[in-house]
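Tertiary structure, described
Here's the letter readout for the chains.
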Amino acid sequence: MGRDKAAAGDNPARNIDILACGRAVIADEAEALEALTHALDDSFVAAVEALMGTGRRVVVSGIGKSGHVGRKIAATFASTGTPAFFMHAAEAAHGDLGMIMRGDTLLLLSLSGETRELKQVIAYAAEAGITVVAIGSKPTSTLMRLADVKLVLPSVREACPENISPTTSAIMMLAMGDALAIAMMNLRGVSRTKLNMFHPGGTIGQRLTRVSALMHGKDELPLVARDTPMRDVILKMTAHSFGIAGVIDDGGKLIGVITDGDLRRHADHLLDADAFAVMTHAPATIDVSSFAEDALQTMEEGKITALFVTHALDPRQPVGLIHIHDILRAGMR
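So, here is what we can say about the structure in this document. (Residues numbered from 1 in each chain as written. Predicted model: local features only at pLDDT ≥ 70, side-chain atom pairs only at ≥ 80, totals over all residues. Heavy atoms only, no water.)

1. Observations regarding the side chain of Asp262
Rules: A run of H or I in DSSP becomes a helix once it reaches four residues, and a run of E becomes a strand once it reaches two; helices and strands are each numbered from the N terminus. Identification of polar contacts relies on pairs of N or O atoms within 3.5 Å, with a donor-acceptor requirement for protein atoms, meaning one able to donate a hydrogen and the other able to accept it, and with residues adjacent in sequence counted only if both atoms are side-chain atoms. Here, residues are in contact when the closest pair of their heavy atoms is within 4.5 Å.
In this fold, Asp262 is placed in helix α13 (residues 260–265). Polar side-chain contacts of Asp262 include one of 2.9 Å to the backbone nitrogen of Thr259. Apart from residues lying up to four places away in sequence, Asp262 is in contact with Val257, Val278 and Thr280.

This is the structure we're talking about:
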């Protein structure tokens, strides 16, 4: 591996050619996506309405590169609130057509629109009275002529130098699927809470973890009264090891915090002061119902390492504390 890296470094002209090729492909595909943006019209609205009106599930099907794209589109639908699954077009005529039932909606993908396997699926859909939404690049193809809703991709050159391998067209097809999925997600009002139900594991599940699942509870809070001598405040901070203490009023409401930074800023008169004199007023806090990634963002923006967690209905009522180490242990960075 070391020799390979050295060889690459010894041939700057070759490196330039490789980079130029990669950038040209990405530029071509970006240009195609721009064209797709402007190509969306009332057919896209009709497709969303047809898919939203599905009584049961969206069945996505395709073959070849379109099939690979279709698998991803079906997965995106399912994870954003639209019940969906992928059916391989080649398997459809060998029994998998039984997976499709009245009330389903078909989303068929084919650049040419003449794929033999999909024609069998279209014939079955017509006989069963199943709505067909099609994505393709040939408006006069069999697929587009027989589909109920037609989404025609712009005619663009493939990034493949021979203009053969589906590259640019596949990216547009994938983007169209994402656009459909997110448009439906917005119409359904799918919230973060719902997404959390769909993604309990992995990185997404970690990002959607609630503050309440990671915070230290009320019994562990380093809280002091406003007139507490700083000597006692320091002892409280040391005992809890969070690097912070909350200052509360007589009603138990949070009125300020004292951090290690506050101790340094008041070092010249620290032992003669009380908590109120040293504290930072109007401290940053986080609602107990918030997501842990929001707490992390607040900490990073404020360059702080801990936040008091407050009651959902009272931003001054402390109910917990979350430290940046709690979030890091959860694997969010």
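2. Points about the environment of Ser155
Under the convention used in this document: Only protein chains enter the area calculation, which uses a 1.4 Å probe; residues under 20% of their type maximum are buried, those over 50% are exposed, and those in between are partly exposed.
Mapped onto the secondary structure, Ser155 falls in the loop between β5 (149–152) and α8 (168–188). Judged by its relative accessible area of 75%, Ser155 falls in the exposed class. Linking Ser155 and Leu40, residues 115 residues apart in sequence, is a C-alpha distance of 13 Å.

3. Quick word on the nonpolar core
As a reminder, the rule being used: The nonpolar core is taken to be a set of buried Ala, Val, Leu, Ile, Met, Phe, Trp, Tyr and Cys residues, with the residues joined through side-chain atoms within 4.5 Å.
Core analysis: the biggest nonpolar cluster contains 30 residues, and Phe77, Leu107, Ile135 and Leu180 have the highest contact counts within it. Looking at this core, the element that brings in the most residues is α8, giving seven residues. With residues up to four places along the chain from it excluded, the contact list for Leu180 reads Phe44, Ala47, Val48, Leu51, Phe77, Leu107, Ile135 and Leu151.

4. What about α8?
This is how it is decided: Helix span, expected: 1.5 Å multiplied by one less than the number of residues in the helix.
A rise of 1.5 Å per residue sets the reference length of α8, with its 21 residues, at 30 Å; its end C-alpha atoms lie 30 Å apart and thus fit the reference within 8%. Within α8, burial applies to Thr168, Ser169, Ala170, Met172, Met173, Met176, Gly177, Leu180, Ala181, Met184 and Met185. Just downstream of α8 lies Gly189, where phi reads positive at about 70 degrees.

5. Re the packing of aromatic side chains
The cut-off we apply is this: Geometry of aromatic contacts follows a simple scheme: Phe, Tyr and Trp rings, the Trp one being its six-membered ring, pair when their centres are within 6.5 Å, and the pair is stacked under 30 degrees between planes, edge-to-face over 60, tilted otherwise. Each ring is checked for a lysine NZ or an arginine CZ that lies within 6 Å of its centre and within 35 degrees of its normal; such an atom marks a charge sitting over the ring.
Going through the model one piece at a time under the given rule, you end up with zero aromatic pairs. Across the ring face of Phe291, the terminal group of Arg210 is positioned such that the distance to the ring centre comes to 4.2 Å. Here Arg226 stacks its cationic end above the ring of Phe276, 4.1 Å away from the centre of that ring.

6. So, the pairing of β5
Here is the rule: In this scheme, strands are said to pair when DSSP sees at least two bridges between them.
Alternating residues of β5 divide into Val149 and Leu151, all buried, and Lys150 and Val152, none buried. The pairing of strand β4 (residues 131–136) with β5 spans four bridges and is classified as parallel. Its bridge partner lying in β5, Val133 is registered against Val149.

7. Observations regarding the sheet that holds strand β10 (residues 285–287)
Note: strands within a sheet are paired through backbone hydrogen bonds, in either parallel or antiparallel orientation. What counts, and what does not: In this description, a line fitted to the C-alpha atoms serves as the axis of each element, helices being fitted only across the stretch in contact, and the angle between N-to-C directions of two axes falls anywhere from 0 to 180 degrees.
What the three strands build is an open sheet, ordered β10-β11-β12; its pairing is mixed. This sheet does not close on itself; its edge strands, each paired only once, are β10 and β12 (314–323). Neighbour-to-neighbour, the strand axes of this sheet turn through a mean angle of 40 degrees, independent of strand direction. Where β10 meets strand β11 (residues 306–311), three bridges bridge the pair, whose relative direction is parallel. Bridge pairing in β11 links Asp287 to Thr310.

8. Quick word on the layout of surface pockets
As a reminder of what qualifies: Only protein atoms enter the 1 Å grid used here, on which a cavity is any set of points holding a 1.4 Å probe that cannot leave and a pocket is any open set flanked by protein within 12 Å on both sides along at least five of seven lines; residues with an atom within 4 Å of a point are listed as lining. Grid points are joined across faces, edges and corners, and a volume is the space filled by probe spheres set on the points. Classification used: nonpolar for Ala, Val, Leu, Ile, Met, Phe, Trp, Tyr, Cys and Pro, charged for Asp, Glu, Lys and Arg, polar for all others including Gly.
Each pocket or cavity is described by its volume, and for the largest pocket that value is around 300 Å³. Lining the largest pocket are 19 residues, with Ile244, Thr259, Lys303, Ile304 and Thr305 sitting closest to its centre. Among the secondary structure elements, those contributing two or more residues to the lining of the largest pocket are β8 (254–259), α13 and β11. Among the elements that make up the lining of the largest pocket, the one with the highest residue count is α13 (five residues). Volume-wise, the second largest pocket comes out at about 200 Å³. Lining of the second largest pocket is provided by Leu111, Ser112, Ser137, Lys138, Leu153, Pro154, Ser155, Val156, Glu158, Asn163, Ser169 and Met172. Classifying every residue of the lining of the second largest pocket gives five nonpolar, five polar and two charged.

9. Examining the pairing of strand β1 (residues 58–62)
Counting buried positions over the five residues of β1 gives five, a clear majority of the element. Side chains Val58, Val60 and Gly62 project from β1 onto one buried face, and the interleaved Val59 and Ser61 project onto a second face that is buried too. By the bridge criterion, five bridges tie β1 to strand β2 (residues 84–88) in an arrangement that is parallel. Paired with Val58 across the strands is Ala84, a residue of β2. Note: β1 against strand β3 (residues 105–109), four bridges, orientation parallel. Its bridge partner being in β3, Val60 is matched across the sheet by Leu107.

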